[in-house]
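Here are the chains, one letter per residue:
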Amino acid sequence: MNPGGFVTQWVPLYESNVDTVRSEIATFFEAFPNGTVWGNLNVDGQGYDVVLAGQVDKLKVDLDGIQQRLDQPAWKPVADSMREVGYNSAAGLFATYAVSAADLKGWLRNAQINRDRNLRLQYLAGMGLKQYLAPQIYDQMLQRSRFPTDIFTGSLRSLQSLRAAMANMH
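These remarks concern the structure in this document. (Residues numbered from 1 in each chain as written. Predicted model: local features only at pLDDT ≥ 70, side-chain atom pairs only at ≥ 80, totals over all residues. Heavy atoms only, no water.)

1. Examining the packing of aromatic side chains
Turning to step 1, where the next piece is worked out: In this structure the tally under the stated criterion is 8 aromatic pairs.
Turning to step 2, where the next piece is worked out: Summarising the aromatic geometry, the rings of W10 and Y14 are spaced 6.4 Å apart at their centres and angled 40° between planes, so their arrangement reads as tilted.
Turning to step 3, where the next piece is worked out: Among the residues examined, Y14 registers a relative accessible area of 30% and is labelled partly exposed.
Turning to step 4, where the next piece is worked out: Between F28 and F32, the ring centres sit 5.0 Å apart and the planes meet at 35°, which makes this aromatic pair tilted. Across the pair, F32 and F28 agree in class, each one buried. (Phe/Tyr/Trp six-rings, centres within 6.5 Å; stacked < 30°, edge-to-face > 60°. Buried < 20%, exposed > 50% of the residue type's maximum accessible area, 1.4 Å probe, protein only.)

Structure, rendered in structure tokens:
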């Protein structure tokens, strides 16, 4: 991956089970140990799926810098698009942060890593059909979450807005 490069992976929580999700996330974090988990726009506090974000270096997000960009006329289409899906600010968007790889180490302990030679995930994924455990799986991850002071920077006001938005999201 190039410096500054970024990769994302969608992980469905619906019709899945804990072992499958743990395998998917542990496999991703083996390749991207600085990775993070981001929730979807929650409905009644329930996650439906998550997105994993990975990069070589530790993620750094300047809330004020991003909000300043969104407030510029050239970025209006981006801001409008965000508003259409329920994100009215940088803090609102980044409130979807759920948890970091470091926070999930204990939860992922002994999770099966999916490899080309074992393709374990193909077997595990079939075991989750007709199971509706998404809220419970997401809650297990969120129980380990802490406010990521090492990821988000910005003014006191921006950080307070993010904390409040995250509290409403989770």
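From this point, things continue past the structure.
2. Observations concerning helix α7 (residues 134–142)
Turning to step 1, where the next piece is worked out: Every buried residue belonging to α7 is among A134, I137, Y138, M141 and L142, and all of these are buried. Along the axis of α7, the buried positions cluster into a sector of 140°, meaning they face one direction only.
Turning to step 2, where the next piece is worked out: Close packing links the buried residues of α7 with α1 (18–31), β2 (36–39), β3 (49–54), β5 (97–100) and α5 (105–108). (Helix = DSSP H or I, 4+ residues; strand = E, 2+ residues; numbered from the N terminus. Arc of directions from axis to C-beta. Contact = heavy atoms within 4.5 Å.)

3. Considering the pattern of salt bridges
Turning to step 1, where the next piece is worked out: Scanning the entire structure with this criterion turns up 7 salt bridges.
Turning to step 2, where the next piece is worked out: For the salt bridge of D103 with R146, the shortest nitrogen-to-oxygen distance reads 3.1 Å. Of this pair, D103 sits in the loop between β5 and α5 while R146 is found in the loop between α7 and β6 (152–153), placing the two residues 43 residues apart along the sequence.
Turning to step 3, where the next piece is worked out: Judged by relative accessible area, which is 15%, D103 ranks as buried. (Salt bridge = Lys/Arg side-chain N within 4 Å of Asp/Glu carboxyl O.)

4. Side note on the side chain of D49
Turning to step 1, where the next piece is worked out: If you trace the backbone, D49 turns up in strand β3.
Turning to step 2, where the next piece is worked out: At a separation of 2.9 Å, a polar atom in the side chain of D49 contacts the side chain of W10. (Polar contact = N/O pair within 3.5 Å; in protein donor to acceptor, adjacent residues only side chain to side chain.)

5. Re the nonpolar core
Turning to step 1, where the next piece is worked out: Core analysis: the biggest nonpolar cluster contains 24 residues, and I25, V37, L104 and M141 have the highest contact counts within it.
Turning to step 2, where the next piece is worked out: Counting residues per element, the ones that place at least two in this core are α1, β3, β5, α5 and α7.
Turning to step 3, where the next piece is worked out: When neighbours within four sequence positions are excluded, V37 is seen to be in contact with F29, V50, V51, L52, T96, Y97, A98, V99, L104 and M141.
Turning to step 4, where the next piece is worked out: By size, the runner-up hydrophobic cluster in this structure holds 20 residues, among which are Y87, I151, M166 and M169. (Core = buried A, V, L, I, M, F, W, Y, C linked by side-chain atoms within 4.5 Å.)

6. Things to note about unusual backbone geometry
Turning to step 1, where the next piece is worked out: Backbone geometry at E15 places phi at a positive 45°, although glycine is not the residue there.
Turning to step 2, where the next piece is worked out: We classify E15 as partly exposed; its relative accessible area is 31%.
Turning to step 3, where the next piece is worked out: We note that N110 has phi near 70°; this positive angle belongs to a residue other than glycine.
Turning to step 4, where the next piece is worked out: Looking at the secondary structure, you find N110 in the loop between α5 and α6 (120–126).
Turning to step 5, where the next piece is worked out: N110 sits in the exposed class, given a relative accessible area of 73%.

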